[in-house]
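The residues making up each chain are set out below.
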Amino acid sequence: MPHHIELVLDAKAELGEGAIWDDARALLYWVDIVGCSAHVYDPASNSDRAIDIGELVGTVVPRASGGLMLALEHGFAHLELPSGKLDRICDPERGVSTNRFNDGKCDPAGRFWAGTMGKAGSGRLYCLFPDLTAKVMLEGVTTSNGIAWDLDAKTMYYIDTPTQKVDAFDYDLDTGAISNRRTVVTVPGDMGHPDGMTVDAEGKLWVAHWDGWHVHRWDPKGGELMESIPVPAARATSCAFGGPDLDELYITTARAGIDDSALGEQPHAGGLFRARPGVRGVEAFAFAG
Ligand code: CA
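What you see is a predicted model, and the numbers here were worked out from it, not measured in a lab. (Residues numbered from 1 in each chain as written. Predicted model: local features only at pLDDT ≥ 70, side-chain atom pairs only at ≥ 80, totals over all residues. Heavy atoms only, no water.)

Our focus in this paragraph is the overall build of the protein. A count of helices and strands for the protein gives 1 helix and 24 strands. For the C-alpha atoms alone, the extent of the protein along its principal axes is close to 45 × 45 × 40 Å. Within the protein, buried positions represent 56% of all 289 residues. With the model as given, the accessible surface of the protein reaches about 11300 Å², and the carbon-plus-sulfur share is 50%. One way to put it: in the protein the 25 positive side-chain charges average out to a point 4 Å from where the 42 negative ones average out. (Helix = DSSP H or I, 4+ residues; strand = E, 2+ residues; numbered from the N terminus. Buried < 20%, exposed > 50% of the residue type's maximum accessible area, 1.4 Å probe, protein only. Areas by Shrake-Rupley, 256 points an atom, 1.4 Å probe, with all protein chains shown as cover. Lys, Arg positive; Asp, Glu negative; His and termini not counted. Charge placed at Lys NZ, Arg CZ, Asp CG, Glu CD.)

With that settled, consider the pairing of strand β13 (residues 134-141). Sheet topology note: the strand β12 (residues 123-128)/β13 ladder contains 5 bridges and is antiparallel. Across the sheet, residue tyrosine 126 finds its bridge partner in β13, namely valine 136. Turn length for the β12-β13 hairpin, with the two strands adjacent in sequence and antiparallel, is 5 residues, and the turn residue leucine 132 shows positive phi of about 75°. (Pairing = 2+ DSSP bridges.)

Here we take up the layout of surface pockets. One simple way to see leftover space: roll a probe sized like a water molecule over the atoms. Taken as a whole, the largest pocket spans an internal volume of roughly 310 Å³. Contributing to the lining of the largest pocket are 22 residues, with Thr198, Val199, Val282, Glu283 and Ala284 lying nearest its centre. Its residues placed into classes, the lining of the largest pocket shows 18 nonpolar, 1 polar and 3 charged. (1 Å grid on protein atoms, 1.4 Å probe; cavity = no way out; pocket = protein on both sides within 12 Å on 5 of 7 lines; lining within 4 Å. Points joined across faces, edges and corners; volume = space filled by probe spheres on them. Nonpolar A, V, L, I, M, F, W, Y, C, P; charged D, E, K, R; others polar.)

To continue, consider the pattern of salt bridges. If you walk through the whole model with that rule in mind, you get 19 salt bridges. The closest approach of N and O atoms between glutamate 6 and arginine 274, which form a salt bridge, is 3.1 Å. Separated by 268 residues along the polypeptide, glutamate 6 in strand β1 (residues 5-9) and arginine 274 in strand β24 (residues 272-275) bring together distant segments of the chain. Looking at glutamate 6, the relative accessible area reads 33%, which means it is partly exposed. The class of arginine 274 is buried, set by a relative accessible area of 15%. (Salt bridge = Lys/Arg side-chain N within 4 Å of Asp/Glu carboxyl O.)

It is worth spelling out empty space enclosed by the protein at this point. For the structure on display, the rule yields 2 cavities of 30 Å³ or more. Its volume calculated, the largest cavity comes out at about 40 Å³. Those elements that provide at least two residues to the lining of the largest cavity are β10 (100-106), β14 (144-149), β18 (193-199) and β22 (235-242). A class-by-class count of the residues in the lining of the largest cavity yields 4 nonpolar, 3 polar and 2 charged. Taken together, Glu73, Asp91, Glu93, Val96, Asn99, Arg100, Phe101 and Thr116 form the lining of the second largest cavity. Its residues assigned to classes, the lining of the second largest cavity shows 2 nonpolar, 2 polar and 4 charged.

To continue, consider the coordination of the calcium ion. Those donors, Glu17 (OE), Glu17 (OE), Asn145 (OD1) and Asp195 (OD), are the protein atoms that reach the calcium ion, and they lie 2.2 to 3.0 Å from it. Written as a sequence motif, the donor arrangement for the calcium ion is E-x127-N-x49-D. Taken together, the residues span a long stretch of sequence, with glutamate 17 in strand β2 (residues 16-22) and aspartate 195 in strand β18 at a distance of 178 residues. Residue class for glutamate 17 comes out buried when judged on its relative accessible area of 4%. You can call aspartate 195 buried: its relative accessible area is 4%. (Donors = N, O, S within 2.8 Å, 3.2 Å for Na, K, Ca; no water.)

Right, let's get into the sheet that holds β10. The sheet built from 4 strands is open, its strands ordered β10-β11-β12-β13 with antiparallel pairing. Looking along the sheet, the strands with just one partner apiece sit at the ends: β10 and β13. The sheet shows a mean angle of 20° between the axes of neighbouring strands, direction not considered. Direction of pairing for β10 relative to strand β11 (residues 112-117): antiparallel, over a ladder of 5 bridges. Pairing of cysteine 106 across the sheet is with phenylalanine 112, part of β11. (Axes fitted to C-alpha atoms, helices over the stretch in contact; angles between N-to-C directions.)

Rendered as structure tokens:
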């Protein structure tokens, strides 16, 4: 049965990304990486606040002590709300001008994982611990992207986009240590490229496919494609369950790199979309620091 999908915000974002639902406040945070902005979308009023950050914004997560955490072109920062004041925390790749931070999320213990991207193999996956120290957790990454944890937090799922794979690691929730990397999903080349990712209440993975016109549900246990949600934009970038019952799937998209004639086929590229996939998500985690 085809899934209904609605455009909730015709944002025309260059590179909409990083969707995450704040269950306590009933707000959706997202970013426009190239537009250098963090966004707070309130579905109750259908209003969106764009906060200009002044540099590339890779991703956003809520902070338990208030405001938001950002992974930026130049490192980790705290964004105070409602003031919009930016406080820089650390820049672990100071001096690597060709890299910038990209996607990231918090683990169930409130550690903020985010990775960088740049020249092939030059990126790294970092973990910002609640004491505000950042550590390199993985090297040799090209385009660090979707990250999610299984419901029991014993497995971490991770996407380095050009690999066309979702990989899994054994996860030690006490320490944040990862080990035993293996591939759990391989995405065929004609389905676009795996980008952002979230987990549902059944432990299945929802992956936004860049240049794939879809968000797909994959089973990390057997690697099978389970369901597909068509998106009226080629560049689906991230997805997050939200709404009062966590049964709505918010989807960000991009219009960057799509020429004017091709935009005629996808006039709402860069918009924020919402689907009802018939399954619930789980609450996202806030940064504990
Ligand atoms: Ca991404």
